[in-house]
Amino acid sequence: MNIQDAQLAVDNWIKEHGVRYFNELTNMAQLTEEVGEVARIIARRYGEQSEKESDKNKDLGEELADVVFVVMCLANQTGVNLQAAFDKKMDLKTKRDHDRHHNNEKLK
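Per an unreviewed UniProt entry, the protein chain goes by the name Pyrophosphatase and belongs to Myroides marinus.

Written out as structure tokens, the structure is:
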């Protein structure tokens, strides 16, 4: 599924199951909450914090998918075509950063 199809799937889900989109500010708060859940897993599983027993069964993929879902909700309700925006961003990064990372001594 490409990004455009995923946006459509989210929109269809909202129409069938979600009644309506939460407003943009609510979705922004929800996105922040979901990113916090990803950060908690990363900090404890891959960082220096110890992982609580209650966090050991948390699924990082599921939490990342929650972030993507809310991002798609925000894109849908604000008229952003994420496929076009992502393609444009990849082109920009490719042109701008073509040699930058290869020449970064910190990455060698």
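Mind showing me how you'd approach the pattern of salt bridges here?
Note that side chains of opposite charge can pair when their charged atoms are close. One pass over the full model with this rule turns up 10 salt bridges. Salt-bridge contacts for K56 lead to E53; the nearest nitrogen and oxygen are separated by 3.4 Å. Take K56: its relative accessible area is 42%, and that puts it in the partly exposed class. Owing to a relative accessible area of 62%, E53 belongs among the exposed residues under this scheme. Note that D91 is salt-bridged to K95, the shortest N-O span being 3.1 Å. Placement of the pair is D91 and K95 together in helix α4 (residues 82–96), with a separation of 4 residues, close to one helical turn.

What is the right way to read the UniProt feature "domain: NTP pyrophosphohydrolase MazG-like" (unreviewed entry) in the protein chain from this model?
Per the UniProt record, the feature "domain: NTP pyrophosphohydrolase MazG-like" (unreviewed entry) sits at residues 23–99. Between the first and last C-alpha atoms of residues 23–99 the distance is 41 Å; the span itself is 73% helix and 0% strand.

I'm lost on unusual backbone geometry in this one. Help?
With the exception of glycine, the majority of residues adopt a negative phi angle, and the majority of peptide bonds are in the trans configuration. Positive phi is not limited to glycine here, since V19 has a value of about 70 degrees. On the secondary structure map, V19 appears in the loop between α1 (3–18) and α2 (24–45). By relative accessible area, which is 78% here, V19 ends up exposed.

Conventions used here
Chains are numbered independently. Their residues run from 1 in the order of the written sequence. Where totals are concerned, whole chains, interfaces and linings use all residues; where local detail is concerned, this predicted model gives features only for residues with pLDDT of at least 70, and gives and counts side-chain atom pairs only at 80 or more. Values shown for side chains rest on all heavy atoms present in the structure; no hydrogens or waters enter the calculation. Each salt bridge in this description consists of a side-chain nitrogen of Lys or Arg and a carboxyl oxygen of Asp or Glu lying within 4 Å of one another. In this scheme, a residue with accessible area under 20% of its type's maximum is buried, one over 50% is exposed, and one in between is partly exposed, where area comes from a 1.4 Å probe on protein chains only. The helix and strand labels rest on DSSP assignments: H or I over at least four residues marks a helix, E over at least two residues marks a strand, and numbering proceeds from the N terminus. UniProt positions are given in the numbering used here, feature names are shortened, and annotations may be inferred rather than shown by experiment.

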